[in-house]
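Structural overview for review
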Amino acid sequence: MSPNFSKPVAIANWKMNLTISKTEDLIRELKKDYQDLEEKVDLIICPSFTALEAVSRSLKDSTIKLGAQNVFWEEKGAYTGEISIPMLKELGCGYVILGHSERREYACETDEMVNKKVLAVTQNDLIPIICVGETFEERQAGRKDLVVVSQLNKAFKNIDQSKSIIVAYEPVWVIGSGQAVKPQEAKDTAHVLRQALLDLYQDNFKKENLSLIYGGSVDESNVKDFVDLKIIQGVLVGGASLKIDQFLKIIKEVAD
Ligand code: PGA
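The sections below set out a description of the structure shown in this document. Note that the structure is predicted; figures quoted are calculated from it, not measured.

What follows concerns unusual backbone geometry. Unusually for a residue other than glycine, Lys 15 sits at a positive phi of about 45°. With respect to the secondary-structure elements, Lys 15 resides in the loop between β1 (9–13) and α1 (20–34). Located in the positive-phi region is Asp 125, a residue other than glycine, with phi close to 60°. As for its placement among the helices and strands, Asp 125 is situated in the loop between α5 (111–123) and β5 (127–132).

Glancing now at the site of the ligand. The environment of the ligand is made up of Asn 13, Lys 15, His 100, Glu 170, Ile 175, Gly 176, Gly 216, Ser 217, Leu 236, Val 237, Gly 238 and Gly 239. His 100 has a polar side-chain atom sitting 2.7 Å from an oxygen atom of the ligand. The contact in question runs from an oxygen atom of the ligand to an N or O atom on the backbone of Gly 238, over 2.8 Å. Considering the ligand on its own, with 280 Å² of exposed area, one finds that the protein chains cover 95% of that surface. Taken together, the residues of the shell around the ligand break down into 3 nonpolar, 7 polar and 2 charged.

The interhelical angle for the contact between α5 and helix α7 (residues 144–155), taken along N-to-C directions, is 45°, at an axis separation of 8 Å. Taken as axis vectors, α5 and α7 run oblique relative to one another. Residues Asp 111, Glu 112, Val 114, Asn 115 and Val 118 of α5 lie in contact with α7, whose contacting residues are Gln 151, Lys 154 and Ala 155. Counted by class, the contact of α5 with α7 contains 3 nonpolar, 2 polar and 3 charged residues.

Its place among the elements puts Asp 219 in the loop between β7 (210–215) and α9 (223–227). Here Asp 219 is buried and forms no salt bridge, its nearest opposite-charge partner Lys 243 lying at an N-O distance of 8.2 Å. Within the structure, Asp 219 has its side chain in polar contact with the side chain of Ser 221 (distance 2.7 Å). Other than its neighbours up to four places away in sequence, Asp 219 contacts Ala 240, Gln 246 and Ile 250.

The next thing to look at is the nonpolar core. By size, the foremost hydrophobic cluster in this structure holds 73 residues, and its most contacted members are Leu 30, Phe 156, Tyr 214 and Ile 251. In terms of residue count, helix α10 (residues 244–255) provides more of this core than any other element does, 7 residues in total. The next biggest cluster of nonpolar side chains, apart from the first, holds 14 residues, and it includes Ile 44, Cys 46, Ile 97 and Cys 131.

This paragraph deals with a negative patch on the surface. Residues Glu 29, Asp 33, Asp 36 and Asp 245 make up a contiguous surface patch of negative charge. Asp 245 gets classed as exposed once you look at its relative accessible area, which sits at 58%.

This brings us to α10. End to end, α10 covers 16 Å across 12 residues, agreeing with the expected 16 Å (1.5 Å per residue, within 8%). Among the residues making up α10, those that are buried are Ile 244, Phe 247, Leu 248, Ile 250, Ile 251, Val 254 and Ala 255. Down the axis of α10, the smallest arc covering the buried residues is 160°, so these residues share one side. Buried residues along α10 sit in contact with β1, α1, β2 (42–46), α9 and β8 (234–237).

Sheet architecture is closed into a barrel: 8 strands sit in the order β1-β2-β3-β4-β5-β6-β7-β8, paired in parallel fashion. Averaged over all pairs of adjacent strands, the angle between their axes in this sheet comes to 25°, without regard to strand direction.

Secondary-structure assignment places Ile 129 in strand β5. When the C-alpha atoms of Ile 129 and Ser 211 are compared, they prove to be 9.2 Å apart, with 82 residues separating the residues in sequence. In this structure Ile 129 touches Ile 11, Tyr 95, Val 96, Ile 97, Leu 98, Ile 166, Ala 168 and Leu 236, once residues within four positions along its chain are discounted.

Further remarks concern α7. Relative to the 16 Å expected for 12 residues at 1.5 Å per residue, α7 spans 17 Å between its end C-alpha atoms, a close match to the ideal helical length. Of all the positions in α7, only Lys 144, Val 147, Val 148, Gln 151, Leu 152 and Ala 155 are classed as buried. Along α7, the residues classed as buried sweep out an arc of 125° about the axis, all on the same side. Looking at the packing, one finds that the buried side of α7 touches α4 (101–106), α5, β5, α6 (136–140), β6 (165–169) and α8 (183–201).

Quick look at the pattern of salt bridges now. Here the structure, examined in full by the defined rule, presents 14 salt bridges. One salt bridge in this structure joins Glu 109 and Arg 103, with 2.7 Å as the shortest N-O distance. Shared partners join several salt bridges into a network, and the residues in it are Lys 7, Asp 42 and Lys 65.

What counts as what
- Residues numbered from 1 in each chain as written.
- Predicted model: local features only at pLDDT ≥ 70, side-chain atom pairs only at ≥ 80, totals over all residues.
- Heavy atoms only, no water.
- Helix = DSSP H or I, 4+ residues; strand = E, 2+ residues; numbered from the N terminus.
- Near = heavy atom within 4 Å.
- Polar contact = N/O pair within 3.5 Å; in protein donor to acceptor, adjacent residues only side chain to side chain.
- Areas by Shrake-Rupley, 256 points an atom, 1.4 Å probe, with all protein chains shown as cover.
- Nonpolar A, V, L, I, M, F, W, Y, C, P; charged D, E, K, R; others polar.
- Axes fitted to C-alpha atoms, helices over the stretch in contact; angles between N-to-C directions.
- Parallel < 35°, antiparallel > 145°, perpendicular 65-115°, else oblique.
- Contact = heavy atoms within 4.5 Å.
- Buried < 20%, exposed > 50% of the residue type's maximum accessible area, 1.4 Å probe, protein only.
- Lys, Arg positive; Asp, Glu negative; His and termini not counted.
- Salt bridge = Lys/Arg side-chain N within 4 Å of Asp/Glu carboxyl O.
- Core = buried A, V, L, I, M, F, W, Y, C linked by side-chain atoms within 4.5 Å.
- Patch = residues over 30% accessible without salt bridge, like charges linked within 9 Å, V, L, I, M, F, W, Y side chains within 5 Å.
- Charge placed at Lys NZ, Arg CZ, Asp CG, Glu CD.
- Expected span 1.5 Å × (residues − 1).
- Arc of directions from axis to C-beta.
- Pairing = 2+ DSSP bridges.

See below:
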């Protein structure tokens, strides 16, 4: 696992879409072509929990990195249905997506819960991929910047500022819609988030420890618009990462 973000990153969030055997098929295809790109781009795959072990095994001889889509903050105990950090570490997971809008919506995750997870994950040297983003209503009400900065500040409360963290700006209203935001809008919001990070970190701000990426209907036709923005260091891809031909094109664009 790279301790800092010297390369751009492509992250696949496979959500609740694939059985273990289908996941293994996709990994097999990705491994072949990623070999030629590994010098230029980090690739993180976040499969479903049930496929983590199989993916972990098939990535033993690969530089593709493994991430989980969620985790619980307690180390162990009576938390039916939850997955702990030691369980993820045992499988070689280096990354965890936290605060995804789908978890905020369907699993009622609050900013406080996201913060507990961020603290536990960073204390255990996993890298969180913290998702922040506004809904359409919040955007229309002119509250976008307030919402994303508030989510960011709450997620980062009491954080150890020496840890590596990825922040994904994901406008909730474009996720899964097939229509990404205009690159200028992603750029403006990324600048707002970067300023919020500068305010939080002050003299401790080290850009090699903090990576700002974009997610939300990224595909092969728009990825270049986002990675060409200097402030964006990678992409978090849902739907388009399930089609390996498309996803490989995306990874190549991120690498270029
Ligand atoms: P999408 O999902 O690329 O399908 O919009 C992105 C995400 O939810 O992280």
